[in-house]
Amino acid sequence: MRVGIPRETTQGERRVALVPETVAKLAAAGFELVVEQGAGDSASFPDDAYREAGATLGDPWETDGVVKVRKPSPDERERLRAGQLLIAFLEPLSDRAGVDALASRGVTAFALESVPRITRAQPMDALSSQATVGGYKAALFAAEHLPRFFPMLMTAAGTVPPAKVLVIGAGVAGLQAIATARRLGAVTTGFDVRPVVREQIESLGANWLDLGVTGAEAEGGYARELTDDEMAAQQQALEGRIADFDAVITTAAVPGRPAPKIIPASAVEAMRPGSVIVDLAAETGGNCELTEPGEIVERAGVTLVGLKDIPSTMPYHASTLYSRNVQALLLHLAPEGELTLDWSDEITSGACVAGKQEGAPA
Amino acid sequence: MRVGIPRETTQGERRVALVPETVAKLAAAGFELVVEQGAGDSASFPDDAYREAGATLGDPWETDGVVKVRKPSPDERERLRAGQLLIAFLEPLSDRAGVDALASRGVTAFALESVPRITRAQPMDALSSQATVGGYKAALFAAEHLPRFFPMLMTAAGTVPPAKVLVIGAGVAGLQAIATARRLGAVTTGFDVRPVVREQIESLGANWLDLGVTGAEAEGGYARELTDDEMAAQQQALEGRIADFDAVITTAAVPGRPAPKIIPASAVEAMRPGSVIVDLAAETGGNCELTEPGEIVERAGVTLVGLKDIPSTMPYHASTLYSRNVQALLLHLAPEGELTLDWSDEITSGACVAGKQEGAPA
Amino acid sequence: MSYNVSNLLYLITIVTFVLALRFLSNPAHARRGNQIGAAGMVLAIVVTWVKVGSTSWWAIAIAMVIGGGFGAVAARRVRMTAMPQMVALFNGVGGGAAALIALAELHRILPDPGAPKIDISLGIVLSALIGAISFAGSMIAFAKLQELIGGRPITYAGQQFVNGALFVAALGCAIALVAGVQEEWLLWITIAASLAFGVLFVLPIGGADMPVVISLLNAFTGLAVALGGFELQNNVLIVAGMLVGASGTLLTLMMARAMNRSVANVLFGAFGQVSETAAAVAGGDGGAVRSATAEDVAVMLAYAHKVVFVPGYGLAVAQAQHDVRQLADLLESKGVEVSYAIHPVAGRMPGHMNVLLAEANVPYPQLKEMDEANPEFSRTDVALVVGANDVVNPDARNNQGSPIYGMPILNVDDAQTVVVLKRSMNPGFAGIENPLFYNPKTVMLFGDAKASITSLVADVKNL
Amino acid sequence: MSYNVSNLLYLITIVTFVLALRFLSNPAHARRGNQIGAAGMVLAIVVTWVKVGSTSWWAIAIAMVIGGGFGAVAARRVRMTAMPQMVALFNGVGGGAAALIALAELHRILPDPGAPKIDISLGIVLSALIGAISFAGSMIAFAKLQELIGGRPITYAGQQFVNGALFVAALGCAIALVAGVQEEWLLWITIAASLAFGVLFVLPIGGADMPVVISLLNAFTGLAVALGGFELQNNVLIVAGMLVGASGTLLTLMMARAMNRSVANVLFGAFGQVSETAAAVAGGDGGAVRSATAEDVAVMLAYAHKVVFVPGYGLAVAQAQHDVRQLADLLESKGVEVSYAIHPVAGRMPGHMNVLLAEANVPYPQLKEMDEANPEFSRTDVALVVGANDVVNPDARNNQGSPIYGMPILNVDDAQTVVVLKRSMNPGFAGIENPLFYNPKTVMLFGDAKASITSLVADVKNL
Amino acid sequence: MSHNTLLVFEVTILVLAIFLGIEVISKVPTLLHTPLMSGTNAIHGVVIVGAMIVLGQPDKSAFTWIIGFAAVVLAAANVVGGFVVTDRMLEMFKSRERPKKPDET
Amino acid sequence: MSHNTLLVFEVTILVLAIFLGIEVISKVPTLLHTPLMSGTNAIHGVVIVGAMIVLGQPDKSAFTWIIGFAAVVLAAANVVGGFVVTDRMLEMFKSRERPKKPDET
Ligand SMILES: NC(=O)c1ccc[n+]([C@@H]2O[C@H](COP(=O)([O-])OP(=O)(O)OC[C@H]3O[C@@H](n4cnc5c(N)ncnc54)[C@H](OP(=O)(O)O)[C@@H]3O)[C@@H](O)[C@H]2O)c1
Ligand SMILES: NC(=O)c1ccc[n+]([C@@H]2O[C@H](COP(=O)([O-])OP(=O)(O)OC[C@H]3O[C@@H](n4cnc5c(N)ncnc54)[C@H](OP(=O)(O)O)[C@@H]3O)[C@@H](O)[C@H]2O)c1
Ligand SMILES: NC(=O)c1ccc[n+]([C@@H]2O[C@H](COP(=O)([O-])OP(=O)(O)OC[C@H]3O[C@@H](n4cnc5c(N)ncnc54)[C@H](O)[C@@H]3O)[C@@H](O)[C@H]2O)c1
Ligand SMILES: NC(=O)c1ccc[n+]([C@@H]2O[C@H](COP(=O)([O-])OP(=O)(O)OC[C@H]3O[C@@H](n4cnc5c(N)ncnc54)[C@H](O)[C@@H]3O)[C@@H](O)[C@H]2O)c1
């Protein structure tokens, strides 16, 4: 099976779908790999490394399958053929039209977001691997933009108290942010609507913020959306407590829904000047009312970091992890290098968002 | 004694010489404090806070003494009167002309760089306090710009090895950079020409890089400049080892001299693409040949962070620490709120760079 | 050899016995202790041989060859797993010997009917009584462990009453003898009642509790020997017997405590009910769970060549990372090879274990990822699973029906011994049973991981 | 009261003595141990009183009142610092009593000249000999410690030879007596030579080594009492004397080991040279440095109400942060209040201690900055200085001439006791002497801080 | 000196032996419980001394002869079997006195 | 039973006492060395029993009378002084059995 690795065209995207290390493994497993020139450049993987790993440089679209990070642009979509395989973040829940377009072209498309969150599928869980990068980076951004130290320092010029960091939403990204902030010495507190998370937060040595708001856990460990009443209660409780913190990192998300607006403008105003909010949910609109997705802005003396596509700021390892997820999925779909789709398989049928064979279970 | 706190006018400078907390203490000690409007804004200290602390808003130059962070601009110099006290970073070793101009105006000027490095003067040691900020930030910059993780992570998408960080020059800033990089989980190595530093590096749990180059220690714990031969040997030894590291932080300085060029262009080329060099010595020309002071540039695939005035990126705590240094010096020069200069005192005479009384020891 | 010379030589034997016990309490010297005791025993036998002189020397020799030969062969042949019943057997014959000696002495001194009464000491009668109980009880213990009779507790109504009556009968006749009713049939009743009591006393006790019972009967035998020594005015019997009596009693208490039971509960708890502890840890698939104390695990660790720590989410919950590091350091200082096997999804977030272990300053080279760690388990003495569960669940390998089937796991069951530290038998994240816990190679150390590791550190230090 | 009944009652005394020793070895029960011993002693005296009956009861009473009164008053009056010489004194009189008893017995049984010889046991003669040595030696030890005679070692040429000759003379006469030369003058020579030997044996030993010598003489007295018990066929004397003899001997060895000396070195090392250890730690300003063992410090810590850790650069060099945290946790679990006093310039970079303690996960609220910590020292039982030096140097406060004069320091010398952990007497960063180390409140625990703290953890655990 | 005098001494010995028996094993780790039990079991095999004395009596009745013989047989089994079983149990501790690794100081 | 028989028993007792003396104090911490020494010192004051027996002998010579009297005086000083001094030394351990802080579990 020939697999193509195009260069990402989305603005600001620096990742690449497969890195040389994985290419070598796939080549050994019987795949033939075609890399677009310069595909890995922005992630620090030169073309030569791909060549050494066994890939050829060429047109990645003239293949049996294409692996990407981002969903194909309309132009790119035109280059896909019927029966061709496509693996990428396809945003199936928010970009129904794009997925339908793929289906109408006869492409067999697998969305990494749709890989079911079962134990067996963990190596293919690109949401988790990219969220890990996001959480780590979020803590660094907070440290970077805070005009204060994270750690406590007792010096001849007086004692610097440790920064207080609040992490809202303790999923994969949130926990990693907590861990990183704690590593830097901040006094770290976590909050989530799923009550099971409390133990996990404490298992990282962080504190649990009790806002008296709890939601339920849906399948796959995701949170369900809060009701309006619950949301209002949460906003209000948070407003009363948020001024205690120097930096707030928000990662709250509900799959397929715009990010819940957890921090209202009034809460931002309640914060001390110089405080920082890093909003990892910026991509889906932000957890903070004042977040400007894609921008770093100052509002009421508070720095709001609303950068999107944070994994692209660490393209080397983000690509490496992503690449291993893709590799796992490819090997699952084509164990010997030849596509053998078993539609009764939970992962295969769950991840497929377009071109699913007739009779396969929904 | 009336002391004025002007707003800093140097481009990019966000610190302020005294913060409200210190103002309150000085006011209690008998000082009268005049703050320029908006002096603390960029460091997150609003005017109101100064007022509450007991200062008045007004013209800081119409006072008995002025405390600043940066040396006065020529315009500002014009506003100083004979007999007026001035405390700031005056760059006495590199800006002889500026100091002479102050002397010719009859100003009694104390340079914080010139406070002797004796035990008793540690609370006034602003070089150390600002270097602490610099070292911490340098490690964050390195983490920020490296396309890789600092810590090791073993995940379902494979194992991420820890980043390897090299810190060259392990003075105050270098040690803090080592500590911060280690906190983030990097495998950290330190190097310095002063052999005593080895134990200090190891006391932070970091490794010592043995390049076979050692220099001597001058008074006050500073290094003396290397000879040309020594320098060449160091450059060459480093070139052979530098490719082992993902990030390099340099802090090497010799007081009053341009920063030693420790990393030649050839060494940068030896590094892997995606590597990062954070050059804390950029202010005095940089430890790396390719550093562009004030800029972040990419050379041969390596990101070179040559930002100047790093403490200004963390203005709140940088100002707080600086402010306590200034407070200690002020209380030393004017114990009861009234200037009583004792020229036989080591600190007073050592720190005074202009307007020193006749007969005082050099 | 005169009485005094022999008694002085016996004193040497006594000293060797004291040293034997001392050494036997210390893992590093236990074997030497046993050898010292054996040497002392040989001395005692030689001294006695010389002292007894020519009388019946051939009979003694034949008896010793028969008994010793049987003992040696039985002890050599037995499988390691059958050791406890061997101890029971040898303890029983020792008790029997003590009872026989008392019987012979009593038979010798008891006056013929009508003859003037003599002084009979309580000691010798008690020696017969206790020796007989020990003999009969040990034989039942042996039979149960050897599965000659059912290992389950055997109970019936009124049991306590029958046992009590037998004991009172034995003791009553013994006292009557001493008090002056010097009829030989009283002696026979004493012995018969004691034997019956021994049988019925042990019968109701379940197989799992047998070691405690054997230890108690061992102390009984020691006491019987000491009492016999009184009659024979023989110091070595008094001291050796009493050493065993006292240390055996303490040992019984300690063994019961190690099982979290009282001795009374062990001895009488079985009446009418199956031991609860045993039931609680009986596994779903019929296998049994072995739980150990920190001391046991400490010995395993200290004497291992290679120990692999397998951390999981429980390590994080317990925040035991610093203690684990300390235990690892301690083991390394004892020459044990230590590493950590990190499963990719251990914990609750990617890199969870790394965060913790980095905080505790565990050197990176000691962390092994799964592919690196798995081939090592087969040459690992102890895999110490600290609060991990799903990531070491062999169902992922073997059980097609399991929800985690297909996930690669850490093959800790390749190690010689697996020690699992967790608080209960509760499942982990996946909510499924873990057959590892029922593996005969596995011992569980229940409790909060931090507390358990702290005890391990203390116990390893004390070794 | 018959011999047997009294001996049985004495057995109770023996049991109390064993228990007394057991309890005395454990800080938590030591006082109770002493009380149990005293109770046993009262029983023994009462039993003896009843047994002796009316004979000379008034003489016994008077003697007891005189002796007991003196003992009580002397023991009550003495300052705490003079305790060791009191022990020496009471040990000496005990030895004297043993010697006198032997003397009285020998005098009674020695045949008049010309009368037929009798059996004299070696035990009784040795009792006289050893008792006399113990008496004379203890009196010299007392005199030296009480500074009645110079505390410095007194030596002269040929001393060893003279001592040897005296000892041989004493022993020779003793053996001659037993062997049959039953002349009373031999007895007197034995005693005189023993007394002289005791005096000359202890004279050369320096004051610092006296505790070891007293312990040895204590064991001697025990032996003398046991040997006396043989003659009187009195079990309580045999057992109690020998318990003291054996445990005293072991204790002597342990005391010498705690000083890093051998007993031989203590006893004979003084010939011609001053003890090196003592000289090595004598301070520059004439004060002496007290060094302690980890066990001592562990007891101080475990029984303190409030302990403040004062970390310095040495903590960083030793990388002992995790161990310090563990010790602190352990102390907290014992109810001790623990905090850390952080000097602003401790270590070698701003915030050095914070980095380390954060790594070890020390809770931030336990860290006290200098201004917060200093007022607390006066209600602190133990300030544990871990590798800090300049930041606790009182010269910064008191000595105008010092280069660090004027630097605010942590006033650890306000605490009840200061324990300093460092490797040597070397100075810190500033390169200057630290008078804190010569403060009578200070004890030094020499060694790498990590190793020292690890020992402290183990020892605190074992308490 | 009566029989009773000796008895008092014997009781004294007994009491001391009790204390010693308790003290000497008070620190035994759990793992050694079973070997220690087995070891003490072997030690009370010293009853063979008593059995030999009984069987070695001159002028004994047939009853004593048989009983004594049986006692020696049983006691000998106790002694030999006890020590051998204990030794086998303790074999597992043997190999483990391994040398320090050479790269360690 | 001869005198020697008793002697053997006494020696046995002596040997057991030696072991017991060693075992029973083998775990003493350094800080208790001095109090323990003082405590054992008090215990050998039991020599007063011997002294009382000597002084309590009927029909004794003047020599024995004096010697015995002196022995009782000395032994009594040993007993009383020994226990009192030990008690004073151990006072420091008294106050320290403090209760757990109330906020602790
Ligand atoms: N790493 C990730 O990214 C990630 C993310 C989400 C889910 N997961 C899932 O999480 C699981 C991780 O496996 P795991 O083996 O690490 O954990 P696990 O299977 O959840 O088992 C953890 C065990 O630790 C024990 N435990 C909890 N607290 C303890 C304490 N204080 N002291 C001692 N033991 C304690 C629990 O038993 P007791 O209650 O009996 O003590 C439990 O059985 C996998 O199923 C994985 O799929 C992983
Ligand atoms: N914090 C800062 O920013 C900074 C910067 C530069 C200089 N300083 C200066 O550094 C000093 C700091 O004071 P300090 O009290 O922390 O340190 P210090 O005065 O330098 O004393 C450290 C002590 O630790 C002992 N030590 C070293 N290694 C050890 C080990 N492995 N185990 C046990 N002890 C060990 C040393 O004694 P042994 O050799 O006998 O063991 C030494 O006396 C001040 O003089 C300060 O002015 C501070
Ligand atoms: N079983 C597996 O193999 C597996 C794999 C990966 C992740 N997971 C689990 O799935 C869970 C969610 O993962 P994710 O990070 O992708 O989730 P996510 O990105 O969808 O959401 C991030 C977090 O935001 C929280 N959140 C949602 N609404 C909120 C609100 N109003 N206020 C506060 N918090 C809110 C969610 O509870 C979640 O913890 C995690 O617990 C993770 O452990 C399981
Ligand atoms: N005694 C005190 O109170 C006191 C106060 C503050 C600092 N100090 C000591 O002074 C020392 C220097 O402090 P600093 O940070 O201000 O120094 P700095 O900023 O002047 O120099 C930074 C480091 O660069 C090193 N360096 C110089 N040339 C080099 C070369 N060619 N290669 C590699 N390294 C080179 C120096 O040795 C120094 O460690 C530190 O050790 C500090 O501990 C002492």
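Throughout, residues of each chain are indexed from 1 in the direction in which the sequence is written. Whichever chain is written first is A, and whichever ligand is written first is 1; the rest continue in order. This being a predicted model, a pLDDT of at least 70 is required before a residue's local features are given, and a value of 80 or more before pairs of side-chain atoms are given or counted; all residues contribute to the totals for chains, interfaces and linings. For side-chain calculations, the full set of non-hydrogen atoms in the structure is used, while hydrogens and water are omitted.

**Thoughts on the site of ligand 3**
Using the following cut-off: Residue proximity to a molecule or strand is established when one non-hydrogen atom of the residue lies within 4 Å of it. Pairs of N or O atoms are called polar contacts if they sit within 3.5 Å, as long as, within protein, a hydrogen donor faces a hydrogen acceptor (for residues adjacent in sequence, only side-chain-to-side-chain pairs). Accessibility throughout is a Shrake-Rupley quantity obtained with a 1.4 Å probe, and a residue counts as covered only by protein chains that appear here. Polar here means any residue outside two lists: the nonpolar Ala, Val, Leu, Ile, Met, Phe, Trp, Tyr, Cys and Pro, and the charged Asp, Glu, Lys and Arg; Gly therefore counts as polar.
The environment of ligand 3 is made up of 26 residues, and the closest members are Arg-117, Val-172, Asp-192, Arg-194 and Gln-234 of chain A. Per-site note: the chains with residues close to ligand 3 are chains A and C. A distance of 2.7 Å separates an oxygen atom of ligand 3 from a polar backbone atom of Val-172 of chain A. Burial of ligand 3 by the protein amounts to 91% of the accessible area it has alone, namely 850 Å². Across the shell around ligand 3, the residue classes break down as 13 nonpolar, 8 polar and 5 charged.

**Re helix H6 (residues 172-183) of chain A**
Residues and elements named next belong to chain A. Note the following rule: Strands are runs of DSSP state E lasting at least two residues, helices are runs of H or I lasting at least four, and both sets are numbered from the N terminus onward. In a helix, the anticipated span is given by 1.5 Å times the number of residues less one. Working definition: with a 1.4 Å probe on protein chains only, accessible area under 20% of the residue-type maximum means buried, over 50% means exposed, and in between means partly exposed.
Helix length check: H6 (12 residues) gives 17 Å between terminal C-alpha atoms against 16 Å at 1.5 Å per residue, within 8%. Among the 12 residues in H6, 12 count as buried, and that is most of the element. Taken residue by residue, H6 has Val-172, Ala-173, Gly-174, Leu-175, Gln-176, Ala-177, Ile-178, Ala-179, Thr-180, Ala-181, Arg-182 and Arg-183 as its buried positions. Phi turns positive one or two residues past the end of H6, at Gly-185, with a value near 100 degrees.

**Digging into the sheet that holds strand E6 (residues 442-446) of chain C**
All names here are of chain C. Keep this limit in mind: Pairing between two strands requires that DSSP report at least two bridges joining them. Fitted lines through C-alpha atoms serve as axes, helices being fitted only where they are in contact, and the angles separating the N-to-C directions of these axes extend from 0 to 180 degrees. Throughout, a contact is declared for two residues whenever any of their heavy atoms are within 4.5 Å.
Across the sheet, 6 strands lie side by side as E3-E2-E1-E4-E5-E6; this open sheet has parallel pairing. Bordering the open sheet on either side are strand E3 (367-369) and E6, each of which pairs with just one other strand. Averaged over neighbouring strand pairs, the angle between their axes works out to 25 degrees when direction is ignored. Direction of pairing for strand E1 (residues 306-311) relative to strand E4 (residues 382-386): parallel, over a ladder of 5 bridges. When the bridges of E4 are listed, Phe-309 appears paired with Leu-384. Helix H12 (residues 294-302) contacts E1, E4, strand E5 (417-422) and E6 of the sheet and is inclined by roughly 135 degrees relative to E4. This element, helix H18 (residues 449-462), spans E4, E5 and E6 of the sheet and lies at about 130 degrees to E5.

**As for the domain arrangement of chain C**
Inclusion rule: The domain limits used here are those given by an automatic or database domain assignment.
Per the domain assignment, the segments making up chain C are domain 1 (1-77), domain 2 (81-268) and domain 3 (278-461). Here the C-alpha centre of domain 3 of chain C lies 45 Å away from the C-alpha centre of domain 1 of chain C.

**Focus: the arrangement of the chains**
Between chain B and chain E there is no contact, and the shortest C-alpha to C-alpha separation is 20 Å. These two, chain B and chain F, are apart from each other, with no contact and a minimum C-alpha gap of 32 Å.

**Structural notes on the site of ligand 2**
Around ligand 2 sit 28 residues, and of these Asn-389, Asp-390, Arg-423, Ser-424 and Asp-448 of chain D come closest. Of the chains in the model, those with residues near ligand 2 are chains B and D. Interatomic distance of 2.9 Å between a backbone N/O atom of Gly-387 of chain D and an oxygen atom of ligand 2. Isolated, ligand 2 exposes 920 Å² of accessible area, and the fraction of that covered by the protein chains is 93%. Breaking the shell around ligand 2 down by element, the ones donating at least two residues are helix H13 (313-318) and strand E5 (417-422) of chain D.

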